Structure formats: structure tokens, C-alpha cells
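Here is how the chains run, residue by residue.
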Amino acid sequence: MFCLFCTNGALWAQAKTPFFQKSDTLNKKRRTSVYVSEAVIGTAVLIGLNELWYKDYPRSSFHSLNDNSQWMQMDKFGHAYTSYFIGKMGMDALAWSGETKKNQLIYGATLGFVFLTTVEILDGFSQEWGFSTGDVLANAMGTGLLIGQELLWDEQRIQFKFSFSATEYPNLIPEKLGSTTLQQVLKDYNGQTYWLSVNLRSFFKESKIPRWFNVAVGYGANGLPEGSYDFTTLPPQPIESYRQFFASIDVDLTKIRTNSGFLKTLFNVFNYVKVPAPSIEYRSNGEFVFHFLYF
């Protein structure tokens with residue numbers, strides 16, 4: 001989205017509305033720029049996936065698979081979050097152009113679901129993978145969380161957020177969990193945590209709770225993939241796998257008051273990442289852990 005705004009910045013340098021400020025009325029040039037940019041970027045990403053990812057594996061007839069029991073459902077949380085994130089950015093881009101709320105929901109909020117489901121169809125024609133109905137359902141849940149709140153409250157009172165901390169597991173299984181930092185952020189489910197961050201002031205508007213104060217609950221997992229062994233020890237030892245449940249506090253960056261359109265845009269972009277904060281963790285093996293600062 002940052003690239004989308006910057007590549008079109010020169011077009012609006014002389015416009016009455018400052019570039020980082022949302023247009024109060026429909027700006028057709030901005031709207032056209034958003035739609036064209038989304039189409040070009042989406043097409044380029046799909047072509048890139050085909051060339052860099054799928055072409056190295058044999059094609060097959062369309063088939064499905066049931067992977068709902070794998071990775072302790074962390075991949076499903078990833079699908080839901082990505083669908084929510086892309087849809088929200090699509091909405092914000094159309095809001096920037098002055099598009100109507102109805103069209104923001106139809107053509108912006110559904111962007112994540114449409115894109116990820118297209119990728120899922122490509123998976124269905126790859127012998128290495130397959131079309132996962134569980135992934136599509138997770139995509140729909142992410143989009144549903146976004147659209148449902150807009151229809152019910154006209155705002156996002158419950159925000160989907162993400163955090164990541166590097167783990168030692170990619171050193172043991174780099175082919176599955178990634179060999180570079182970027183690959184590990186995307187593939188190492190052991191380091192990922194997905195959060196639902198609730199803005200209390202949105203539910204208690206007459207209270208004195210700070211506008212930016214949130215409470216958050218999170219989900220993660222450790223010891224993935226299940227059944228892995230630590231081959232750095234002799235004899236190799238099995239790695240314990242367990243689910244993680246978190247309770248923490250958070251900040252809604254979009255509720256921080258500022259007159260700067262640039263800062264508003266910046267806060268909006270980074271609001272999809274949970275801020276590091278004290279957290280209480282419960283593990284499915286029965287343990288409780290307190291983290292002074294968890295990310």
C-alpha cells in the first residue's frame with residue numbers, strides 16, 4: 001500500500017486535498033489509480049508465484065486435500081489474518097479516493113478473500129499441494145470479521161494483529177521453516193502469534209478509558225511441525241509441541257490524535273502489528289508463564 005501511494009504521489013501534488021488526507025468527495029483519478037494499481041500488483045504477484053513457486057513442481061488435475069489437523073491450525077490463523085489485512089488495506093485505499101462506503105466493502109474489503117482464494121485454486125492444480133477448503137473457510141472468517149464490524153458498528157472495534165519472535169527451530173528444519181529472516185517470518189509458525197485486540201473505549205464511549213487503550217488475546221504454538229526431533233543432541237530428543245494462549249494489553253495506534261496526514265497513514269499501516277507488552281501465557285501442557293515484554 002505504501003508503494004501504491006508513493007508511485008501515484010506526483011499525480012496529486014497539485015491537488016487541493018493533501019496527498020495523505022482522505023478525499024471528502026469522490027476523486028475519480030485517485031479511484032482509477034487505486035483500481036489499476038490493485039489489478040497490476042495482484043496480477044504481477046500471481047505471475048510471480050507461478051514462475052517462482054509452482055513451476056518447480058508437477059502440475060496435476062484439480063484436487064483438494066484436508067490439512068485442517070496440521071500445524072495446530074496456525075496456518076489457518078495466518079490465512080484469516082492475511083485476508084483481514086489485505087481487505088482492510090483495500091478499504092482504506094478506496095476511502096482515500098473518496099469512494100462510497102458500500103463500494104469500499106464490495107471492492108475493497110473482499111480483496112483479501114478474492115486474492116487468497118485465487119492462490120488456493122492454483123494450489124489445487126499443483127501436485128505438491130491441493131485446494132484446501134479449510135484455508136478458504138479461514139479466508140472467509142478474516143473477511144467476515146472485517147465486513148461484519150463495519151456493518152454492525154461502522155468501525156473496527158476488534159482488530160486482527162500479528163507479532164513474531166525468532167525461534168531456534170529453523171536451524172533444525174530450515175527447509176520447512178525458512179533459512180532467511182523473511183522466510184522465517186512467513187513460515188516459522190513457532191514464532192508467530194495472532195491476536196484479537198479489543199478497543200475498550202469503543203464499547204464504553206462515555207468512560208474515561210484512554211481512546212488508544214486495548215486489551216488483547218492471542219494464539220500461538222510451539223514445537224512445530226509436530227513429531228519433530230532435535231538432532232543436535234545424542235540421542236536425538238523429541239521436541240515438545242503445545243498450544244499457547246495469551247492475554248495482554250495493546251495500543252490502537254489509529255486512536256492517537258494527530259493533525260498530520262502522514263502520521264495517520266503510518267499509524268494505520270503499523271496498527272496491524274501488536275506492540276510489545278507484558279503478557280500472561282497459558283500452555284496446553286498446563287504451564288503458566290509471565291512475560292515482562294512479549295512480542
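Higher on the page you've got the structure.
Read on for a plain summary of the structure.

What counts and how
- Residues numbered from 1 in each chain as written.
- Predicted model: local features only at pLDDT ≥ 70, side-chain atom pairs only at ≥ 80, totals over all residues.
- Heavy atoms only, no water.
- Helix = DSSP H or I, 4+ residues; strand = E, 2+ residues; numbered from the N terminus.
- Expected span 1.5 Å × (residues − 1).
- Buried < 20%, exposed > 50% of the residue type's maximum accessible area, 1.4 Å probe, protein only.
- Arc of directions from axis to C-beta.
- Core = buried A, V, L, I, M, F, W, Y, C linked by side-chain atoms within 4.5 Å.
- Contact = heavy atoms within 4.5 Å.
- Pairing = 2+ DSSP bridges.
- Axes fitted to C-alpha atoms, helices over the stretch in contact; angles between N-to-C directions.
- Lys, Arg positive; Asp, Glu negative; His and termini not counted.
- Salt bridge = Lys/Arg side-chain N within 4 Å of Asp/Glu carboxyl O.
- Parallel < 35°, antiparallel > 145°, perpendicular 65-115°, else oblique.
- Nonpolar A, V, L, I, M, F, W, Y, C, P; charged D, E, K, R; others polar.

### A few points about helix α5 (residues 111–124)
In step 1: A rise of 1.5 Å per residue sets the reference length of α5, with its 14 residues, at 20 Å; its end C-alpha atoms lie 20 Å apart and thus fit the reference within 8%.
In step 2: Here α5 has its buried residues at Gly112, Leu116, Thr117, Val119, Glu120, Asp123 and Gly124. Along the axis of α5, the buried positions cluster into a sector of 155°, meaning they face one direction only.

### A short note on the nonpolar core
In step 1: In this structure, Met74, Tyr81, Ala109, Phe160, Tyr194 and Leu224 are the most contacted members of the largest nonpolar core, which totals 25 residues.
In step 2: Listed by contribution, the elements that provide at least two residues to this core are α3 (74–96), α6 (133–153), β3 (158–164) and β5 (213–222).
In step 3: Top contributing element to this core by residue count: α3, with 6 residues.
In step 4: Beyond its immediate stretch of four places on either side in the chain, methionine 74 contacts Tyr189, Gln192, Tyr194, Tyr219, Gly220, Ala221 and Leu224.
In step 5: Counting 5 residues, the second-largest nonpolar core is a separate cluster that includes Phe19, Val34, Leu94 and Trp96.

### Digging into unusual backbone geometry
In step 1: Cis geometry is found at the peptide bond from leucine 224 to proline 225, where omega equals -5°.
In step 2: With respect to the element layout, proline 225 can be found in the loop between β5 and β6 (229–230).
In step 3: Unlike most non-glycine residues, methionine 72 shows phi in positive territory, near 50°.
In step 4: Mapping methionine 72 onto the fold places it in the loop between β1 (64–65) and α3.
In step 5: The exposure class of methionine 72 is buried, given its relative accessible area of 6%.
In step 6: Positive phi, normally seen in glycine, also occurs at aspartate 154, with a value near 65°.
In step 7: Relative to the elements of secondary structure, aspartate 154 occurs in the loop between α6 and β3.

### A few points about the pairing of strand β8 (residues 242–251)
In step 1: Burial along β8 is one-sided: the face carrying Tyr242, Gln244, Phe246, Ser248 and Asp250 is buried and the face carrying Arg243, Phe245, Ala247, Ile249 and Val251 is not.
In step 2: Two elements, β5 and β8, share 10 bridges in a ladder whose sense is antiparallel. Within β8, the residue paired with phenylalanine 213 across the bridge is valine 251.

### Looking at the sheet that holds strand β10 (residues 288–294)
In step 1: The 6 strands are arranged β3-β4-β5-β8-β9-β10 in an open sheet whose pairing can be described as antiparallel. Both edges of this open sheet fall to β3 and β10, since each of them pairs with a single strand only. Strand after strand, the sheet turns through a mean of 25° between neighbouring axes, direction not considered.
In step 2: Across the sheet, α3 touches β3, β4 (192–199) and β5, and the angle it forms with β3 is around 125°.

### Details of the side chain of aspartate 123
In step 1: In this structure, aspartate 123 sits in helix α5.
In step 2: Within the buried set, aspartate 123 has no salt-bridge partner at all; the shortest N-O distance to an opposite charge, 8.6 Å, is to arginine 59.
In step 3: Setting aside residues no more than four positions away along its own chain, aspartate 123 makes contact with Tyr54, His63, Trp129, Gly130 and Phe131.

### Examining the pairing of β4
Strand residues, when the strand is regular, have side chains that alternate between the two faces of the sheet.
In step 1: Counting buried positions over the 8 residues of β4 gives 6, a clear majority of the element.
In step 2: Of the strand pairs in this sheet, β3 and β4 are connected by 7 bridges, and their pairing is antiparallel. Its bridge partner being in β4, lysine 161 is matched across the sheet by tryptophan 195.

### Some details on the packing of α5 against α6
In step 1: Relative orientation of the contacting elements α5 and α6 amounts to 175°, with a least axis distance of 9 Å. When the axis of α5 is compared with that of α6, the two are roughly antiparallel. Of the residues in α6, those in contact with Phe113, Leu116, Thr117 and Glu120 of α5 are Asp135, Val136, Asn139, Ala140 and Thr143.
In step 2: Considered class by class, the residues forming the contact of α5 with α6 number 4 nonpolar, 3 polar and 2 charged.

Distances and angles like these do not, on their own, reveal function.
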